[in-house]
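Fold and contact review
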Amino acid sequence: MKPNKFRLFGGASLGAAFLMANSSIGPGFLTQTTVFTQQLLTSFGFVILLSVVLDVGAQLNTWRILTVSELRAQDLANQLLPGLGYFLAAMVILGGFAFNIGNIAGCGLGLNVLTGMSFEQGALVSCGVALVLFWVREIGNMLDGFTKILGTVKILLTLGIAFSAHPPVLQALHHTLLPVQISAASIVTIVGGTVGGYITFSGAHRLLDAGITGPGSQSVVTRSAISGIVISTIMRFVLFLAIVGVLSHGAVLDKDNPAASVFRSAAGEVGFRIFGVILWSAAISSVVGAAYTSVSFFKTFHPVFARYERGCISVFIVLSTAIFVLVGKPTQLLVFAGFINGLILPIALAIVLVAATNSRIMRGYRHPRWMLAAGWVVVVVMGGLSVPLLVEQVGGLLR
């Protein structure tokens, strides 16, 4: 007998929501939100609001289609067109690996703030923590519990900093609805960072691993997807309020580490230490999410990958750490990974939407037309915004 929906939502499905949210709240999340809030001030709230709308269109479609078909994204794509799944997997794994190097760097910086150890030592210690997490417990249960705890810790600590910063809440809410200025780059970056790349599939693949599939589970799947978006949105909006509060009181942020200076300006040295906790929590949870989801994109290609899933995840984490320790911050790699991340969402979502209309793949399930329409709006908007920015950025690098 299947477990009831309430228990499902309190277990793996809520864990899937936190996995997606934590994957999107990494070191880049802290920096991106700080940088764009500096540029747009209270109008950045509109970018957050728009990103929520686009996130819903992307995630509801992706999670429902994958769980109804009972296929991971790469297998769905291969059934739609042989070889397409390998192309999609290559894009997602490349983007996930590059960003995981940045996540490891964030772990090193977080422990440096907390303990004073070097970035490299902090990265090695964090690598060890991530490996222990995957090896000492069953992967699914570990992910569910670990991501819930860290997600809650990050939100509560950031909320405390936001209260200390005394932000202009009414002005922020006003400009969230009626912005003074808008930035296409901020929209692409924030949406891509919230549901782009491997993040698009992290929660859905977790649900597949937990056996939450089929048309009968769709109410649970929908609640899980929306919960993940809400969790990441709360964290982003709370951080946005903290930054606006600090800036409204005349603080000048450090160019080299703007996010850290927000916390220090709001709560002194205690705030700076809190930043270390939040940064490490954000980074280590993103390391776990990126490794788990990236490996899920090739473990179905051959039984040996599924049999040695822990080993594949471990290699992924160790290689990410080794590159950071040996090379340092891989700026160019992260830049190109950002380009890939911005393009993966419209490409991957388009593949999923086309597959949703294939009765053979969906086994007779008819996907709601309004959801298809919403998904294609996301594809058009994100494709229309990201492609010109990609061309511009690549042109700038080549000049």
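Small disclaimer: the values here were computed from a predicted structure and weren't measured.

Let us look at the environment of Gly 289. Take Gly 289: it is sitting in helix H13 (residues 258-296). Expressed as a C-alpha distance, the spacing of Gly 289 and Asn 100, which sit 189 residues apart in the sequence, is 9.2 Å. For Gly 289, the residues in contact, after removing those within four places along its chain, are Leu 19, Ser 23 and Tyr 198.

With that settled, consider the packing of helix H3 (residues 27-40) against helix H12 (residues 218-248). Look at H3 against H12: their axes get within 10 Å of each other, and the N-to-C directions meet at 45°. On the basis of the axis angle, H3 is oblique to H12. For H3 against H12, the interelement crossing comes out right-handed. Contacts between H3 and H12 involve Phe 29, Leu 30, Thr 33, Thr 34, Thr 37 and Gln 38 from the first element and Met 235, Arg 236, Leu 239, Phe 240, Ile 243, Val 244 and Leu 247 from the second. Along the lines of polarity and charge, the residues of the contact of H3 with H12 split into eight nonpolar, four polar and one charged.

Using the criterion set out here, one finds seven aromatic pairs in the structure. Look at Phe 36 and Phe 44: their rings are 6.5 Å apart centre to centre, the planes differ by 10°, and that puts the pair in the stacked class. Given the relative accessible area of 10%, Phe 36 is considered buried. Between the aromatic rings of Phe 97 and Phe 316, the centroid separation amounts to 5.5 Å while the plane-to-plane angle is 80°, which identifies the pairing as edge-to-face. Here Phe 97 is found in helix H6 (residues 84-115), whereas its partner Phe 316 is found in helix H15 (residues 309-327), with 219 residues between them in sequence. Residue class for Phe 316 comes out buried when judged on its relative accessible area of 7%.

Tallied over the full model, the rule gives four salt bridges. A salt bridge links Glu 70 to Arg 363, with the nearest nitrogen and oxygen atoms 3.5 Å apart. You can see Glu 70 sitting in the loop between helix H4 (44-69) and helix H5 (73-80) and its partner Arg 363 sitting in the loop between helix H17 (359-362) and helix H18 (369-398), a full 293 residues away along the chain. Residue Arg 264 pairs with Glu 269 through a salt bridge whose shortest N-O separation is 3.0 Å. A single network of salt bridges, built from pairs that share partners, joins Arg 72, Asp 209 and Lys 299.

For residues besides glycine, phi is generally negative; the peptide bonds are generally trans as well. We note that Leu 41 has phi near 55°; this positive angle belongs to a residue other than glycine. Within the element layout of this structure, Leu 41 appears in the loop between H3 and H4. Of note in this structure, His 166 is not a glycine but carries a positive phi near 50°. Mapped onto the secondary structure, His 166 falls in the loop between helix H8 (139-165) and helix H9 (169-177). For His 166, a relative accessible area of 56% gives the class exposed.

Our focus in this paragraph is the side chain of Thr 42. Mapped onto the secondary structure, Thr 42 falls in the loop between H3 and H4. Under the relative-accessibility criterion, Thr 42 is labelled buried at 7%. Among the polar contacts listed, one links the side chain of Thr 42 to the side chain of His 175, at a separation of 2.5 Å. For Thr 42, the residues in contact, after removing those within four places along its chain, are Gln 171, Ala 172, His 175, Thr 176, Phe 240 and Val 244.

Cut-offs and rules
Residues numbered from 1 in each chain as written. Predicted model: local features only at pLDDT ≥ 70, side-chain atom pairs only at ≥ 80, totals over all residues. Heavy atoms only, no water. Helix = DSSP H or I, 4+ residues; strand = E, 2+ residues; numbered from the N terminus. Contact = heavy atoms within 4.5 Å. Axes fitted to C-alpha atoms, helices over the stretch in contact; angles between N-to-C directions. Parallel < 35°, antiparallel > 145°, perpendicular 65-115°, else oblique. Left-handed = near helix turned anticlockwise from the far one by under 90°. Nonpolar A, V, L, I, M, F, W, Y, C, P; charged D, E, K, R; others polar. Phe/Tyr/Trp six-rings, centres within 6.5 Å; stacked < 30°, edge-to-face > 60°. Buried < 20%, exposed > 50% of the residue type's maximum accessible area, 1.4 Å probe, protein only. Salt bridge = Lys/Arg side-chain N within 4 Å of Asp/Glu carboxyl O. Polar contact = N/O pair within 3.5 Å; in protein donor to acceptor, adjacent residues only side chain to side chain.

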